[in-house]
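# Working through the structure, step by step
Take a look at the letters that make up each chain.
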Amino acid sequence: MRVAIIGNGVTGVAAALSIRRLQPDWEIVMISGESSFHYSRPALMYIFMGHMSYKDTKPYEDSFWRKNRIDLVRGWVTEIDAAGKKLIMHEKDPVSFDKLLIATGSKSNKFGWPGQDLGGVQGLYSLMDLRLLYENVKGARSAVIVGGGLIGIELAEMLHSRNIHVTFLVREESYWTNVLPIEESRMINRVIVEQGIDLKLLTELKEIVGNDSGRVQGVVTNKEEFIECQIVGLTAGVSPNIALAKASGIKTGRGILVDWSFKTDTPDVFAAGDCAEIITEGEGRNLIQQVWYTGKNQGGAAGEAIAGRHSVYDPGIWYNSAKFFDLEYQTYGTVRNVPAQGEDNLYWEHPDHGRSIRIVTKDGIVCGINVMGLRYSHRVCESWVAEKRPLDYVLDHLGDANFDPEFYEKCEAEIIKEIRKQAA
């Protein structure tokens, strides 16, 4: 039995290791045109800023793949011949398979802006994007970043570290308010401005303007303002990378349509990770998850299904974390930007506006937690939500979660007092 995996990101790797564990005699081939070896994609910014080398971002020694008999192919798949059970490659021989996993990840969004293909305009998702950025920063004095998401703030910090002046265009009234409640969003606004970055809210990109050499020289906003720049970062989110699957006749929607075992409608073809859209029965919207840990979990579950084990994906408790310059953020469970009916949002913020906690309850049970600027234990916070602990229990044990260093100010007494007051 031969399994081919398109993509060597965390999803593809988790699947390969799962298959190898369950089927020690099967052939596994993993294909990527981006890199020869798996690396940690979230570490791109740390490579650029000099905190890590590319070698440091590889979780496994290069010899690991040979020892585990996982063949690596560096190349681009141009077509999936599902009926003929082979992958058509660019300038390489076809790769045959008995079972296939598509783990092609995400792609940076583009919305047809005039000038979006000019030199100096780019996203930040892949190693190719990172290499391009090294070229684009040469001689650059200023940059415009379009979109207020996590990739945008990373790119802002990267450029800021090179003394390139950054202007942020955010179409919402505050940073990332399509995800965050307004209080946490405003905290990030303050951090961005304090760094010396121009934050332009309720502002959208209208056009990217080029010079005679075909490179960007500025942008025009929806307010008809011209902003000079030599780099434009398009970071208005990502979307599932489905072009290959769609062109090959595999059923797609927003992503590649799969069931909860990551099977597509095409026999022996699976898809998982950022590119997958899990069909949800009933009135709920189909599930697309695009963070690192869900990609890993989906890959592991898909690998089990491919290997012949009964496997149904469990999304578990939602979790995410990020860093907005020096402001750390964690979220557990369900914390909406606008509370749903029946939810109580209990919020405390330190007078320095650099620390906060939000506890969301429904019928007295904690269903979501946001933490900003405090270091709280993932294991503890996740367990509160998973075990459906009541608010009183969480407040009584709040100190158990804090693992800030010894001499950091502890705020639990103030938090508990304020949250109990709001809950009364």
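Provided above is the structure to which this section pertains.
Keep in mind that this is a model prediction, so the values were computed, not measured.

## Description of helix H8 (residues 292–306)
- When the terminal C-alpha atoms of H8 are compared, their 21 Å separation across 15 residues agrees well with the 21 Å that a helix rising 1.5 Å per residue should span.
- Extensive coverage of H8 is indicated by the burial of 11 of its 15 residues.
- For H8, every residue scored as buried is listed here: Tyr293, Thr294, Gly295, Gln298, Gly299, Gly300, Ala301, Ala302, Gly303, Ala305 and Ile306.
- Tucked inside the fold, the buried residues of H8 contact strand S1 (2–6), helix H1 (10–22), strand S7 (99–102), strand S19 (269–271), strand S20 (276–278) and strand S21 (319–324).
- Gly308 lies just past H8 and shows a positive phi near 100°.

## Some points on the side chain of Glu277
- Of note, Glu277 is situated in strand S20.
- Not counting the four nearest positions on each side in its chain, Glu277 is found in contact with Gly253, Arg254, Gly255, Ile256, Leu257, Val258, Asn286, Leu287 and Ile288.

## Thoughts on the pairing of strand S13 (residues 205–210)
- For S13 and strand S14 (residues 216–221), the ladder comprises 5 bridges, and the chain directions are antiparallel. Bridged to Gly210 within S14 is Val216.
- Count of turn residues in the S13/S14 antiparallel hairpin: 5 residues, of which Gly214 carries a positive phi of about 80°.

## As for the packing of aromatic side chains
- One pass over the structure, following the stated rule, counts 16 aromatic pairs.
- The interplanar angle of 40° and the centroid separation of 5.3 Å between the aromatic rings of Phe48 and Tyr134 together place this pair among those described as tilted. Taken together, the residues Phe48 in helix H2 (residues 44–48) and Tyr134 in helix H4 (residues 127–136) connect sequence positions 86 residues apart.
- Judged by its relative accessible area of 3%, Phe48 is buried.
- Ring geometry for Tyr60 versus Trp65: centroids 5.4 Å apart, planes at 75°, classification edge-to-face.
- Ring pairs connect the aromatic residues Phe168, Tyr175, Trp176, Phe324 and Tyr329, which therefore count as one cluster.
- When the ring centre of Tyr125 is taken as origin, the NZ or CZ atom of Arg41, which lies over that ring, is 4.6 Å away.
- Its guanidinium or amino end placed over the ring of Tyr393, Arg389 lies 4.1 Å from that ring's centre, counting from NZ or CZ.

## Observations concerning the pairing of S14
- Counted residue by residue, S14 has 5 buried out of 6 residues, so it is predominantly covered.
- Pairing geometry for S14 and strand S15 (residues 226–228), over 3 bridges, is antiparallel. The residue bridging Val219 from the neighbouring strand is Ile227, located in S15.
- Connecting S14 to the next strand, S15, in antiparallel fashion are 4 residues, including Glu224 with a positive phi near 65°.

## Description of the environment of Gly303
- With respect to the secondary-structure elements, Gly303 resides in helix H8.
- By relative accessible area, Gly303 is classed as buried at 0%.
- Along the chain, Gly303 and Asn189 lie 114 residues apart, while their C-alpha atoms are 41 Å from each other.
- If we ignore the near neighbours within four places in the chain, the residues touching Gly303 are Ala15, Ser18 and Ile19.

## Considerations on the layout of surface pockets
- In this structure, the second largest pocket occupies an estimated 390 Å³ of space.
- Every residue lining the second largest pocket is counted, 21 residues in all, and those nearest its centre are Asp326, Leu327, Glu328, Gly354 and Gly373.
- Every element with two or more residues in the lining of the second largest pocket is listed here: helix H6 (182–194), S21 and strand S22 (327–333).

## Here we look at the nonpolar core
- The biggest cluster of nonpolar side chains holds 45 residues, and the ones touching the most others in it are Leu87, Leu100, Leu101 and Ile102.
- Ignoring any residue separated from it by four or fewer positions in sequence, one finds Ile102 in contact with Ile6, Ile80, Ala245, Ile250, Ile256, Val269, Phe270, Ala271, Ala272 and Cys275.
- Counting 40 residues, the second-largest nonpolar core is a separate cluster that includes Leu130, Val137, Ala140 and Phe168.

## Some thoughts on H4
- The complete set of buried residues in H4 reads Leu127, Asp129, Leu130, Leu133 and Asn136.
- Buried positions along H4 lie against H2, strand S9 (121–122), helix H5 (150–160) and strand S16 (231–234).

## Examining the sheet that holds S21
- With respect to topology, 5 strands assemble into an open sheet ordered S21-S22-S25-S24-S23, the strand pairing being antiparallel. Bordering the open sheet on either side are S21 and strand S23 (343–349), each of which pairs with just one other strand. In this sheet, neighbouring strand axes are inclined to one another by 15° on average, regardless of whether the strands run parallel or antiparallel.
- In terms of strand pairing, S21 meets S22 through 6 bridges, oriented antiparallel. Residue pairing in the sheet places Tyr319 in a bridge with Tyr332 of S22.
- Running at roughly 145° to S23, helix H11 (residues 412–423) makes contact with S23 and strand S24 (356–362) of the sheet.

## Some remarks on the sheet that holds S15
- Spatially, S13-S14-S15 is the arrangement adopted by the 3 strands of the open sheet, whose pairing is antiparallel. Looking at the sheet topology across the chains shown, the edges are occupied by S13 and S15. Neighbour to neighbour, the strand axes of the sheet diverge by 25° on average, direction disregarded.

Rules used throughout
- Residues numbered from 1 in each chain as written.
- Predicted model: local features only at pLDDT ≥ 70, side-chain atom pairs only at ≥ 80, totals over all residues.
- Heavy atoms only, no water.
- Helix = DSSP H or I, 4+ residues; strand = E, 2+ residues; numbered from the N terminus.
- Expected span 1.5 Å × (residues − 1).
- Buried < 20%, exposed > 50% of the residue type's maximum accessible area, 1.4 Å probe, protein only.
- Contact = heavy atoms within 4.5 Å.
- Pairing = 2+ DSSP bridges.
- Phe/Tyr/Trp six-rings, centres within 6.5 Å; stacked < 30°, edge-to-face > 60°.
- Lys NZ or Arg CZ within 6 Å of the ring centre and 35° of its normal.
- 1 Å grid on protein atoms, 1.4 Å probe; cavity = no way out; pocket = protein on both sides within 12 Å on 5 of 7 lines; lining within 4 Å.
- Points joined across faces, edges and corners; volume = space filled by probe spheres on them.
- Core = buried A, V, L, I, M, F, W, Y, C linked by side-chain atoms within 4.5 Å.
- Axes fitted to C-alpha atoms, helices over the stretch in contact; angles between N-to-C directions.

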